[in-house]
Structure formats: structure tokens, C-alpha cells
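# Secondary and tertiary structure notes
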Amino acid sequence: MNPIILIASKESGELLGSGRGLGWLLALSVILSVLALLLVSNTELSLLDNAQVVYMVMGTITALGGLLALVLGSDAIAGEKERGTLIPLLLTPLTTTQMVLGKMGGQVVAWVLMYALSLPYLWAVGSSGQNLVQAIAYLALFGTPVVLGFGFYAIGLSARFGNVRTALLAALITLMLLASPLLIGPSLRQSTLGKLFDMVNPFSAALNTFDSVVIDSQPFSMQLGRFSVTLIWLALTLWFARRSAQAMEI
Amino acid sequence: MKRIMSLFVLLGALLGAGSAWADAPVQITLTPDSHNPAQPKMGDWLKFHSVIKNTSSQPVSGLVVWISLVQVDPGKEQPVDLEDWSAHKAALQPSLAPGQSFSVDWPIRLIQAGNYRVVISAAERTASTLLASPFADFHVERKPTIESKRILPVALGMPLLIAAFTARRLRRRM
């Protein structure tokens, strides 16, 4: 069997078979439920307010997906090291790329589950509004590279620091910074610095696309630049994870 | 306060246009499209047709025609910002010979429930008053956008489902 698939199935099996992994899914569904329940009382929304709600839920799902990827990624190599299972893993005829991609397999499964979990919520809040199908499609298209990029980034940090807590802390700080547009609205990001930050931030690219597609009903051709930003983020973080895994000290 | 002031300015302008109607060089008609839904609700599209005709013996030039929308629900009277309602907010006609006319269609997406009046206004390069069509009124039915009957089963059911699945998996492993 391909070693990448072997590691990926081991990682995803651990995620789905362990109470910890399922506990994460439960926690994520509780967060989405609370968010949805907060919206129940507000039935006097206009059509665009409804789209705003769908946009908000999409942003929250992407942030939660990123958080899950960071936690799993931070444990990927440093966790093996702390548990004393890294050396046996390195003694197998695996390349670092295969190890990184295999570790990523578990995160892909986690994100797919998280995405599937979010669909009923998106339907519940958005089915009587506008652009629900687009919302579902664009969450997959833009959310996936952003979330998996966070996963690669955390694997890279995990390899560099060799310590789960340090890697997780650094990763969380990065997530807080990149996901800040969730809290700071577009009107507050109009300074030169804000615009520059938006231009290079993959999370902003995803959020601005959700806004553009769900609220303003704009076509994919207008999202190409933002899509490139998310793909560049994915490629850079993959490179970072590989380099860090190659340079790690045991 | 600003909205009320804008409403007064708009109404004042329209009243002014009414008194000057007889001298107006341009006549504007406004008719709803025959395919418009009888009871439009949020999310529906309405279309209005307007015909702008030069009724004077002189050519008019630099004619700008635009659409305005006013909400007239008691206590909520206000001009509506058309940004989200219509992408087609104005039309330009460089010149219009005597007797000549042109028509403009105005599609509107209904964003918020309420009672509305739509009017087409025009400004000509030399005319001293605003030119306006008669009002067209319409009512937009409310459409519940966030429904508890849809959210509650999902919000309560999903965590319960995952909790049950988790408990079953863990019990099997023990």
C-alpha cells in the first residue's frame, strides 16, 4: 500500500476511533448549534441580512476548520516525538514528503467531516435566502486550501519546535492574526495597511469571496485573484512543512 | 433625521415638479410589467417600464433619468438606498428631438418587506424644475428568512447525533 495512504488511514482512524477526535466534532457542532440558535429569534431580517448570516456561518466554519487543522497539525510530528514514536517512524523507508502528506491525510478527513457537518447548518440558516448552493460550493473551493494550509503550517511548526505546546501556541497566534477580518469589518480595513493585509491574507481572500458571492451575487471570474491567494498559501505552507520536516532535529 | 430630511427634499422636489408639469418639456410614464407577481415577496423581481417623451417644440439635451424608491409604511417613511435593490439606477440621453421618445426598463429586486412607491425622475440641462413620472405603488410580502422550525431540529439534532455516535464508538472499544 502507498505509505501516504497508510499513514493517512492510521491518522484518520485515530481521529474517528478516539474519544478525543469525536469530542472535537461534538464541540464543533455545539458551537455551530449555538450560533444557529442565536439567530432563531431574529426573523425580521431582510434578504441581504439573511445572506449576511450565511456569510457569517461560512466564516465561522472556515475558522473552526483552521483551528482543528492547527491542533491536529501541531501534534503531528511534535506529538510523535513526545510520545517516543517518531524515531520508529523515521526508521521506515519514508520520505519526508510522504510523511507530511500522510499526516495531512488525517486532517483532510477531519476537514471533510467538518464540512459535511456544516451543511445542515448552512441549509438551516440559508435555504430561504439567496445563493445557498454557491455558498456550499465556495466553502469547499476556498475553505479547503485555507484550512489545509493551516494544517501544513502547523505540521511545519510542529517539526521546527518539536514541542506540541509551543507549536500550538505559535499556530494559534497566526490563526488569530489571519482570521482577524472575521471581527474587523471591511470598512475598518480600508487603510493602506488593511488593504495590503487583505491582499495577501488567505483568510481575507476566502472571507471576501464569501461576501462577494453570497451577498453581492458576483461571478467566479471576479474571484480568480483571491482564489490564487489561497492556492499560493497552500503551496507555501506545503513547502514550509516539507522544509521543516527535512530540517527537524531528533 | 437625515433620512427624514431627504424624504422632505424628495417630496418637495416632486411637488414642485407637479406644479410645473404643464410647462415640463418632457413627459414620463411609468408602468409595471405585466409579468410582475401579483403579490410580490422578498427575493422576487419587479420590472417597471418608463417612456420619456419630449412634448415640447424644442430639443432637450443632457437628459438624465433615474429611479427612486420610497418606503411609505407608517413610522418607517424613508427613501430607500437602491444599492442592493437595483443595478440599473440611471439612464442618459444626450439629446431628444421634439416628439421623440425613448424607453427604459427598471428591474428591481425586492430586498425588504413593506409598502413602497417608485418614481422615475429626470433632469434636463436647462429646465429649472425636476421632471417626474407619476408614482407606482407596490407592497412586498415578508418572507421569513431564519425559521425556527428549520434551525431547531438541526441545532439540537446534530450534537445529539454526534454524541450518540461517539458514545456508541467508545462503548464498542471498551
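Residues numbered from 1 in each chain as written. Chains lettered and ligands numbered in written order. Predicted model: local features only at pLDDT ≥ 70, side-chain atom pairs only at ≥ 80, totals over all residues. Heavy atoms only, no water.

You'll find chain A entered in an unreviewed UniProt entry as Nitrous oxide reductase maturation transmembrane protein NosY, with Sulfuriferula multivorans given as the organism.

## What about the overall build of chain B?
We apply this condition: Only DSSP runs of H or I reaching four residues or more are called helices, and only runs of E reaching two or more are called strands; each is numbered from the N terminus. Relative accessibility decides the category of a residue: with a 1.4 Å probe and only protein chains considered, values under 20% of the type maximum give buried, values over 50% give exposed, and everything between is partly exposed. It only takes one pair of heavy atoms within 4.5 Å for two residues to be counted as in contact. Values of accessible area rely on a 1.4 Å probe in the Shrake-Rupley scheme; residue burial ignores everything except the protein chains shown.
For chain B, the helix and strand inventory stands at two helices and nine strands. By the burial criterion, 40% of the 174 residues in chain B qualify as buried. In chain B, of all internal contacts separated by at least 6 residues, the share reaching a separation of at least 24 is 72%. Summing over all exposed atoms, chain B offers an accessible surface of approximately 9,900 Å²; the carbon and sulfur share of this is 58%.

## Comments concerning empty space enclosed by the protein
One simple way to see leftover space: roll a probe sized like a water molecule over the atoms. All names here are of chain A. Heads up, the rule is: Put simply, the grid is 1 Å and covers the protein atoms alone, a cavity is a trapped set of points that fit a 1.4 Å probe, a pocket is an open set with protein on both sides within 12 Å along at least five of seven lines, and lining residues have an atom within 4 Å of a point. Grid points are joined across faces, edges and corners, and a volume is the space filled by probe spheres set on the points. Put simply, Ala, Val, Leu, Ile, Met, Phe, Trp, Tyr, Cys and Pro go in the nonpolar bin, Asp, Glu, Lys and Arg in the charged bin, and everything else, Gly too, in the polar bin.
Using the criterion set out here, one finds two cavities of 30 Å³ or more in the structure. Considering only enclosed or pocket space, the largest cavity measures out at about 40 Å³ in volume. Lining the largest cavity we find G65, L68, A69, L72, Q107, A110, W111, M114 and V147. Breaking the lining of the largest cavity down by element, the ones donating at least two residues are helix 3 (47–76) and helix 6 (96–126). Along the lines of polarity and charge, the residues of the lining of the largest cavity split into seven nonpolar, two polar and no charged. Empty space within the second largest cavity amounts to approximately 30 Å³. Around the second largest cavity, the lining residues are L15, G21, W24, L25, L68, A110 and L113. Taken together, the elements giving at least two residues each to the lining of the second largest cavity come down to helix 2 (19–40) and helix 6. No other element matches the three residues that helix 2 contributes to the lining of the second largest cavity. Among the residues forming the lining of the second largest cavity, the class breakdown is six nonpolar, one polar and no charged.

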